[in-house]
Amino acid sequence: MTGAIFILSGAGLSAESGLRTFRAADGLWEDHRVEDVATPEAFQRDPKLVQRFYNERRRQAAEAQPNAAHKALAKLQKNHNAPVYLVTQNVDDLLERSGAEQVIHMHGAVKDALCAACAHRWTAPREMQVADPCPSCGQPKTRPDIVWFGEIPYHMDVIQDAIEDSDLFVSIGTSGTVYPAAGFGQMARHLGIKTLELNLEASNAPFDVQREGKASDIVPAWVDEILRG
Ligand code: NAD
């Protein structure tokens, strides 16, 4: 019987919902170099372009529908007899919209806005503009609530505790190229926790078991195995 499970998901989980992955091989995300749209420097240099980029990601995420893999993970969190920690690098809310009640968004959420001046957070309008004032402090310092490359991910303490509490570490649809998330599997192995990867193509990282296939096929199959006990 499996105890607590730690699940780290990445863009591959949402790929079959129509949200394109970030292609590490050429460094492009939706035809943009990540340096141009997903760094604090990019936002300083060209805030209009960055807001436009995330306005488009927000629109796509709102129109996308959860796929069978999101739904299976929500079912697992609800029905497993021990904690299931759902930690995602994804900025969409497709796990929540599948019924998952606790999702840890380590890279933020595209549906939210953040004030760079006072750290207030609120639900972003569909279209954020560069001069939007913060509803709390009034300063025009608003940005998408996204952790950009070079910034520190959210909830790292909670994530560390969750890994230590787990019996099984599962990586789903992530290339393992974005740190610190890419180091979580190794942290689990050092703690003697079993590791499993579910991915379209196995990554180069060391896992005890690697299963290849589309998330919508292999995630529900694995969840059924766990829930059968
Ligand atoms: P990545 O794009 O670097 O890697 C995607 C991984 O998904 C690859 O390993 C690929 O083999 C796998 N994959 C592709 N299609 C799949 C499918 N149908 N089933 C199973 N696996 C599939 O993704 P990453 O490791 O998450 O890093 C990307 C970064 O960009 C993250 O920080 C994330 O915040 C951001 N991002 C988010 C979204 C989103 O929120 N949906 C989308 C793109 C990028």
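Higher on the page you've got the structure.
Note that the structure is a prediction, hence the values are computed from the model and not measured.

Draft legend 1. Fine view of unusual backbone geometry. Along the chain, Y179 connects to P180 via a cis peptide bond; the corresponding omega equals 5°. Looking at the element boundaries, P180 is found in the loop between β9 (168–172) and α7 (184–190). We note that D31 has phi near 70°; this positive angle belongs to a residue other than glycine. Mapped onto the elements, D31 comes out in the loop between β2 (28–29) and β3 (32–33). Unusually for a residue other than glycine, A119 sits at a positive phi of about 70°. One can find A119 in the loop between β6 (108–115) and β7 (121–123).

Draft legend 2. Representation of the site of the ligand within the structure. The immediate surroundings of the ligand are formed by 26 residues, with F22, Q89, V91, T174 and S175 found nearest. One of the backbone N or O atoms of Q89 is found 2.5 Å from an oxygen atom in the ligand. Residue S175 places a side-chain N or O atom 2.6 Å away from an oxygen atom belonging to the ligand. Here the ligand loses 90% of its free accessible area of 850 Å² to cover by the protein chains. It is helix α1 (residues 12–15) that provides the largest number of residues to the shell around the ligand, a total of 3 residues. Within the shell around the ligand, the residues separate by chemical class into 9 nonpolar, 12 polar and 5 charged. A domain split of the shell around the ligand shows at least three residues from each of domain 1 (1–18 + 66–107 + 153–229) and domain 2 (20–63 + 109–146).

Draft legend 3. Broad picture of the packing of helix α5 (residues 68–79) against helix α8 (residues 215–228). Following both chains from N to C, one finds α5 and α8 inclined at 15°, their axes separated by 8 Å at the closest point. As judged from the angle between their axes, α5 and α8 are roughly parallel. In this structure, the crossing between α5 and α8 has a hand that is left-handed. Taking contact as the criterion, the partners of A68, A69, A72, L73, K75, L76 and N79 in α5 are, on α8, A215, S216, V219, P220, W222, V223, D224, I226 and L227. Split by residue class, the contact of α5 with α8 holds 12 nonpolar, 2 polar and 2 charged.

Draft legend 4. The nonpolar core, seen in detail. Of all hydrophobic cores here, the largest spans 24 residues; its most connected members are I7, L73, V170, V219 and W222. Ranked by the residues each element gives to this core, the list is headed by α8, at 6 residues. Those residues within four positions of I7 in sequence are excluded, and the remaining contacts are L73, L76, V84, Y85, L86, V87, V170, I172 and W222. Formed by 15 residues, the second largest nonpolar core is a distinct cluster that contains V50, F53, V91 and I146.

Scoring rules and cut-offs
Residues numbered from 1 in each chain as written. Predicted model: local features only at pLDDT ≥ 70, side-chain atom pairs only at ≥ 80, totals over all residues. Heavy atoms only, no water. Helix = DSSP H or I, 4+ residues; strand = E, 2+ residues; numbered from the N terminus. Near = heavy atom within 4 Å. Polar contact = N/O pair within 3.5 Å; in protein donor to acceptor, adjacent residues only side chain to side chain. Areas by Shrake-Rupley, 256 points an atom, 1.4 Å probe, with all protein chains shown as cover. Nonpolar A, V, L, I, M, F, W, Y, C, P; charged D, E, K, R; others polar. Domains from an automatic or database assignment. Axes fitted to C-alpha atoms, helices over the stretch in contact; angles between N-to-C directions. Parallel < 35°, antiparallel > 145°, perpendicular 65-115°, else oblique. Left-handed = near helix turned anticlockwise from the far one by under 90°. Contact = heavy atoms within 4.5 Å. Core = buried A, V, L, I, M, F, W, Y, C linked by side-chain atoms within 4.5 Å. Buried < 20%, exposed > 50% of the residue type's maximum accessible area, 1.4 Å probe, protein only.

Remember that the coordinates give geometry; whether it matters functionally is a separate question.
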